[in-house]
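Notes for the structure review
The lines below spell out each chain.
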Amino acid sequence: MATARALNQPRRRERIRWRQHLRGYAFISPWIVGFLVFSAYPVFYSAFLAFTDYDLLSAPEFVGSRNFTKMAGDRLFYTALGNTAYFTFISVPLQLALALGMALLLNLKLRGINLFRTTFYLPTVVPQVASVILFVYMYNPEFGVFNAILGWFGLPKLGWLANPTMAKPAFVIMSLWHVGAQMVIFLAGLQAVPTALQEAASIDGAGVLRRFWHVTVPMLSPVIFFNLVIGIIGSFQVFTSAYIATDGGPKHATLFYVLWLYRHAFENFRMGYASALGWVLLGIILIFTAINFAGSRRWVYYEGAGA
C-alpha cells in the first residue's frame, strides 16, 4: 500500500505542475491572443504585402521586388529620407543636451524643487496634437511669439513653417518641447551616482567641470546611451507634427519618411509600396541601432562590469 502511494506521488506532482502551467497560460491568454492578432499577424502580413501590388479593393498581386525597384528611382523617397535624417541628427543631440542640462538643475537640493520638476515634465503629458497647434500659433509670421521675440532685438520676422529654409529648424525647436521623459530618466541616473565618488574627486582637487566630465558622465553613460537609442528610433518616426502643421510643405521641406509612407498607404491606397517603405525604415533603424550598440563598447561604462 505504501509502495503504491510512493509511486503515485510523482504522478500527482506532475499533474499539479501541469494544472499550474495551464492556469498560467489561461491568465496570459488574452495578451497572447492580442499579440498574435494585433502585432504578429500585421507584421508578417505587411512583409507579404511588400512584394505585392495591393489597393485595398482588389486581391494582392505578387510583383516580386518591383516596389523596392520603384523606391530606388523615387525622387521623393530620397527627399523624405534626407529630411528625416536631418531632423534626427540635429534634434536628438539637442534633446539629449537640453534634457541633461535640465536634469542637472533639477537635481539640486533646493526648496520647492519638486514643483519645478513637475512644471518641466508637464509638457510631456500634453497631447501632441495640442502641442503642435500651440506651436503653429507661436510660429505665425504676423502675431507669433517667436517673431515677437525677434522684434525685441530688432531682427526681421521669419516665415518659419512657410519658409523652406526655416521649416526643418522650426520642427527641431518644436521637438525640444517634449524632452521631459528624457529629463526624468537623466534625473534618476544622476541620483544613482555615488556621492562618495564626487566627494573623493573633490578632495583630490577636481573642480565642478572635472567632476562632471570624469565622474558624472561615465557613471551616467548607460543612461545617455539608452536615451540616444530611444531618441533615434523615435525621431525616424516623426509624423504627427509634420502632418498637422505643414503636411509636408513648403516645397517638401518637411516631408518626413513616415508622412510619405502614410500618403502612399492611406491617401493613394498603395499598400504594397507603403509596406515596402515600412520595412526599409525598419532596416534603417536596425542599422543605426546596431551601430550604436557596437560603438557603445568604447564609451559606455557599466558599474561592476569586468575590465
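Source: prediction; values computed, not measured. (Residues numbered from 1 in each chain as written. Predicted model: local features only at pLDDT ≥ 70, side-chain atom pairs only at ≥ 80, totals over all residues. Heavy atoms only, no water.)

1. Details of the pattern of salt bridges
Think of it this way: side chains of opposite charge can pair up when their charged atoms draw near. Threshold: A pairing counts as a salt bridge when a side-chain nitrogen of Lys or Arg comes within 4 Å of a carboxyl oxygen of Asp or Glu. Helix numbering and strand numbering both begin at the N terminus, where a helix is a DSSP run of H or I of at least 4 residues and a strand a DSSP run of E of at least 2.
Scanning all chains against the criterion turns up 2 salt bridges. Across the pair Asp-53 and Arg-66 runs a salt bridge, and its minimum N-O distance is 3.7 Å. Here Asp-53, found in strand 1 (residues 52-53), pairs with Arg-66, found in helix 2 (residues 66-72); they are 13 residues apart in sequence, far enough to count as distant. A salt bridge links Arg-263 to Asp-247; the shortest N-O distance between them is 3.7 Å.

2. Some points on the side chain of Asp-74
To keep it simple, the criterion reads: Exposure categories follow from relative accessible area, calculated using a 1.4 Å probe and restricted to protein chains: below 20% of the type maximum is buried, above 50% is exposed, and the middle band is partly exposed. The charge count treats Lys and Arg as positive and Asp and Glu as negative. His and the chain ends do not count. For this analysis, a polar contact is any N or O atom pair within 3.5 Å, provided that within protein one partner can donate a hydrogen and the other can accept it, and provided that sequence-adjacent residues contribute only side-chain to side-chain pairs. Every residue pair with non-hydrogen atoms within 4.5 Å of one another is taken to be in contact.
Tracing the sequence through the fold places Asp-74 in the loop between helix 2 and helix 3 (75-106). In this structure, Asp-74 is buried with no salt-bridge partner, the nearest side chain bearing the opposite charge being Lys-70 at 6.5 Å. A distance of 3.0 Å separates a polar atom in the side chain of Asp-74 from a polar atom in the side chain of Tyr-273. Ignoring sequence-local partners within four residues, the contact set of Asp-74 consists of Trp-260, His-264 and Tyr-273.

3. Some points on the nonpolar core
Considering soluble globular proteins, one finds that nonpolar side chains tend to be buried as a cluster. Inclusion rule: As used here, the term nonpolar core means buried Ala, Val, Leu, Ile, Met, Phe, Trp, Tyr and Cys residues forming a set that is joined through side-chain atoms within 4.5 Å.
Core analysis: the largest hydrophobic core is formed by 59 residues, its most contacted members being Tyr-139, Phe-186 and Leu-277. At the level of elements, helix 3, helix 5 (128-138), helix 6 (145-152), helix 7 (164-175), helix 8 (180-191), helix 10 (208-235), helix 12 (257-267) and helix 13 (271-299) are the ones that each hand at least two residues to this core. Among the elements that make up this core, the one with the highest residue count is helix 3 (11 residues). In this structure Tyr-139 touches Phe-146, Gly-159, Trp-160, Leu-161, Ala-170, Ile-173 and Met-174, once residues within four positions along its chain are discounted.

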